[in-house]
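# Coordinates in review
Residue-level listing of the chains:
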Amino acid sequence: MHEHDVVVVGAGGAGLRAAIAAQEEGADVAIVSKLHPVRSHTGAAEGGINAALRDADSWEDHAYDTMKGSDYLGDAPAVEALCKESPEEVIQLEHWGMPFSREEDGRVSQRPFGGLSFPRTTYAGAETGHQMLHTMYEQVVKRGITVYDEWHVMDLVVTDEDDPADRTCHGVVAYDIQRGEVDGFRATGGVILATGGMGQVFDHTTNAVANTGDGVAMAYRAGVPMEDMEFIQFHPTTLPSTGVLISEGVRGEGGILYNEKGERFMFEHGYANNDGELASRDVVSRAELTEVNEGRGIEDEYVHLDMRHLGEERILDRLENILHLAEDFEGADGLTEPMPVKPGQHYAMGGIETNEHGETVIEGLYAAGECACASVHGANRLGGNALPELIVFGKRAGHHAAGKEMGEAEIPTGRTGDWEPAEYEFEVDVGAVGDRGPAAADGGAVAADAEGLLEAEIERARERVEDLLSRKGRNHAEIRSAVQETMTANVNVFREEEGLKQSLEDLREAREAYTEVAVSDPSRTFNTDLIHTMETRNILDIAEALAMGALARREFRGAHWRKERQERDDENWLKHTLVSWNDGEPELWYKPAILEGEAKTYEPKVRSY
């Protein structure tokens, strides 16, 4: 068994920044990750980092843009923390050696992004995430922070009191992918989940195959609510054949979208008369799919993104890797022809419920980055706000877990304050199948002390691995495919009641099928069949919570479009959706959004671009 003050699960941008922050506070820190840090999905982020750096800009304007972009479902204390602290964190990265693109006078370059009132997106070419990841990994190595890479964390080690608010997290149990063994990691100070996105819930996504929502599902089963899961961002410019991302930086530099008739549809069809291609992502994605659905798409599937008019010199200086991606995956030369693009799953606005310090309702358990929901992005994330979220809230979680005094949080967690139960009745069973099947909850166990609890969880995890390797049954791949197909067909950009109900029926069948799952590869080293089988269990839990939230929220807000409700309903739905596991019986409930900030109270207005 390993022991550290703080254990960080995940080694992307949020995990690395959390580890550095905890080390800055004097903690003995370890990172446990199923990937080597520089292979983390943060490396795929292309566009940039929003930060109010110029005299003509302000964090207050950034906060207003973010609240408007969130369709007024962001929580103001978290939004304002992001916007106030992002400039300092960007400068910190620059001091650590991050090679930002610069103007001729030496200042860090900034460019326009969708939904921003000022060109405040800093960048490093079109590979900002890659440069950020390497810059912070250098700091991890320099500081001697221990990294356990190729370790797949299976479960949290959490006590089992009835009320999640009374539980304590003491560590994690993980599977060593290289050696095929299970071991425990005790955390005397705290566990920080930084496991990234959940894109593999869908079959057309910009996310890596490793983005299976592990941290969200583990926290959910341990008793932490999932928040606002129905809000999924579909990025408007992904390559049709693979889902590979084409950065919003292309549109930020002046790229233009055309339909099959050669019309600049964002203006000509009135989707965004002021900002056109630089409207927020939810607006542009719906516009593209409307063009396709109304017969103006190319090959009935996609539209064109054209950047030829920017000129070869500018493209090579600021967007060179976009040329390589379009050529490698679509055979399109962006210098001489437009690139095919269509919407694809890109980001989860929801996730593990936390406050602005990264704390969950369970003592000693934190979350930061895409797996967490503070809530910074509300119903829709603005481009360029994901990377600052990683570094700002990664730092905050790291500092708090290491014992730094940060004052009382303004955002409540768990069922405190003005929460209310949901009255929606689902027509199909949801949650665990049977008493305690493989897809059911773990949620901890009763033991006299932390070490005893860890030992019990290690043994249970070993038994689970042996069972999966020795039994006969169905391969997880067919179950995962079924989940991805129904989520893509029924819980996508456009959502209808019957489709959402169908998705829950399909997910129920998938849960039942998973009780018969088995691993065909009996090997102990780098057994990807085993790892993917365990990941599919997490995908099932996440997909179901996502569909439940989408069905219950009967309004159109941000990225959540409902055919039956074509207007935002502030009177009834200015609130967060939460789903609690409750030992295998998911329960839906709500809590109000917080619009009162330090700078102002953000009054909801009509959102247009």
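What comes next concerns the included structure. (Residues numbered from 1 in each chain as written. Predicted model: local features only at pLDDT ≥ 70, side-chain atom pairs only at ≥ 80, totals over all residues. Heavy atoms only, no water.)

For the rest of this paragraph, the subject is the overall build of the protein. Assigned secondary structure in the protein consists of 16 helices and 22 strands. Against the compact-globule benchmark of 25 Å for 609 residues, the protein has a radius of gyration of 23 Å, which places it among compact chains. Overall size of the protein, expressed as C-alpha extent along the three principal axes, is 65 × 50 × 50 Å. Buried residues in the protein amount to 64% of all 609 residues. Sequence separation of 24 or more characterises 75% of the internal contacts of the protein that already satisfy a separation of 6 or more. (Helix = DSSP H or I, 4+ residues; strand = E, 2+ residues; numbered from the N terminus. Rg over C-alpha atoms; globule rule 2.2 N^0.38 Å. Buried < 20%, exposed > 50% of the residue type's maximum accessible area, 1.4 Å probe, protein only. Contact = heavy atoms within 4.5 Å.)

Looking now at unusual backbone geometry. The amide bond that connects A374 to the next residue, S375, takes the cis arrangement and shows omega of 15 degrees. Note on placement: S375 falls in the loop between β17 (372-373) and α11 (386-401). Unlike most non-glycine residues, E150 shows phi in positive territory, near 65 degrees. Tracing the backbone shows E150 in the loop between β6 (146-149) and β7 (151-158). Despite not being glycine, D228 has its phi angle at roughly 50 degrees, a positive value. The residue D228 is located in the loop between β10 (226-227) and β11 (232-238) in this model. You can call D228 buried: its relative accessible area is 0%.

Right, let's get into the sheet that holds strand β5 (residues 121-122). Reading across from one edge, β3-β5-β4 is the order of the 3 strands in this open sheet, with antiparallel pairing throughout. The sheet is open, and its two edges are formed by β3 (49-50) and β4 (110-111), each paired on a single side. (Pairing = 2+ DSSP bridges.)

All right, on to a negative patch on the surface then. Judged by side-chain charge, D160, E161, D162, D163, D166, D583 and E585 come together as a negatively charged surface patch. Here E585 shows up in the loop between β21 (575-580) and β22 (587-592). The exposure class of E585 is exposed, given its relative accessible area of 60%. (Patch = residues over 30% accessible without salt bridge, like charges linked within 9 Å, V, L, I, M, F, W, Y side chains within 5 Å. Areas by Shrake-Rupley, 256 points an atom, 1.4 Å probe, with all protein chains shown as cover. Salt bridge = Lys/Arg side-chain N within 4 Å of Asp/Glu carboxyl O. Lys, Arg positive; Asp, Glu negative; His and termini not counted. Charge placed at Lys NZ, Arg CZ, Asp CG, Glu CD.)

Taken as a whole, the second largest pocket holds about 360 Å³ of empty space. In terms of lining residues, the second largest pocket is bounded by 17 residues, among which K34, L35, R39, V209 and A210 are the most central. Of the residues belonging to the lining of the second largest pocket, the class tally is 7 nonpolar, 6 polar and 4 charged. (1 Å grid on protein atoms, 1.4 Å probe; cavity = no way out; pocket = protein on both sides within 12 Å on 5 of 7 lines; lining within 4 Å. Points joined across faces, edges and corners; volume = space filled by probe spheres on them. Nonpolar A, V, L, I, M, F, W, Y, C, P; charged D, E, K, R; others polar.)

For the rest of this paragraph, the subject is the pairing of β22. When a strand is regular, its side chains alternate between the sheet's two faces. Examined bridge by bridge, strand β18 (residues 420-421) and β22 share 2 bridges and lie antiparallel to one another. Paired with P421 across the strands is W589, a residue of β22. Across 6 bridges, β21 lies against β22 in antiparallel orientation. Residue S580 lies in a different strand from β22, and its bridge partner there is E587. Between β21 and the antiparallel strand that follows it, β22, lie 6 residues; N582 among them carries a positive phi value of about 50 degrees.

Here 6 strands make up an open sheet; going across it, the order is β17-β15-β10-β21-β22-β18 and the pairing mixed. Because the sheet does not close on itself, it has two edges, and the strands there are β17 and β18. Set on the sheet, helix α5 (residues 214-222) makes contact with β10, β15 (351-353) and β21; between it and β15 the angle comes to about 40 degrees. (Axes fitted to C-alpha atoms, helices over the stretch in contact; angles between N-to-C directions.)

Looking now at the nonpolar core. Counting 87 residues, the largest nonpolar core has L156, Y175, V191, L193, V201 and M487 as the members making the most contacts within it. Of the residues forming this core, the biggest block, 14 residues, is contributed by helix α15 (residues 528-552). In this view, V191 contacts V7, V9, L156, C169, G171, V172, G364, L365 and Y366; residues no more than four positions away in its chain are not counted. In terms of nonpolar packing, the next biggest core, distinct from the first, is built from 35 residues, V8, I49, M132 and M136 among them. (Core = buried A, V, L, I, M, F, W, Y, C linked by side-chain atoms within 4.5 Å.)

The next thing to look at is the pattern of salt bridges. It is possible for side chains bearing opposite charge to pair when their charged atoms get close. Tallied over the entire structure, the rule returns 57 salt bridges. Residue K342 pairs with E301 through a salt bridge whose shortest N-O separation is 3.1 Å. Note that K342 is positioned in strand β14 (residues 339-348) and E301 in the loop between α8 (281-293) and β13 (303-306), a separation of 41 residues in sequence. Across the pair E497 and R562 runs a salt bridge whose closest N-O atoms are separated by 3.6 Å. A residue pair is termed long-range when its members are at least 10 positions apart, and E497 in helix α14 (residues 497-514) and R562 in strand β20 (residues 561-562) qualify at 65 residues. Exposure class is identical for E497 and R562. Each is buried. Members of the salt-bridge network, linked through shared partners, are D71, E230, D282, R286, R553, E555, R557, R568, D570 and R607.

The next subject is the environment of A326. Mapped onto the secondary structure, A326 falls in helix α10 (residues 320-330). A C-alpha to C-alpha distance of 22 Å links A326 and P112, two positions 214 residues apart in sequence. Once residues within four sequence positions are removed from consideration, A326 is found in contact with L239, G331, A332 and M339.

Along the chain, H400 falls in helix α11. Taking the C-alpha atoms as reference points, H400 and E138, separated by 262 residues in sequence, lie 23 Å from one another. Beyond its immediate chain neighbours, meaning those up to four positions away, H400 contacts H357, E359, Y366 and M406.

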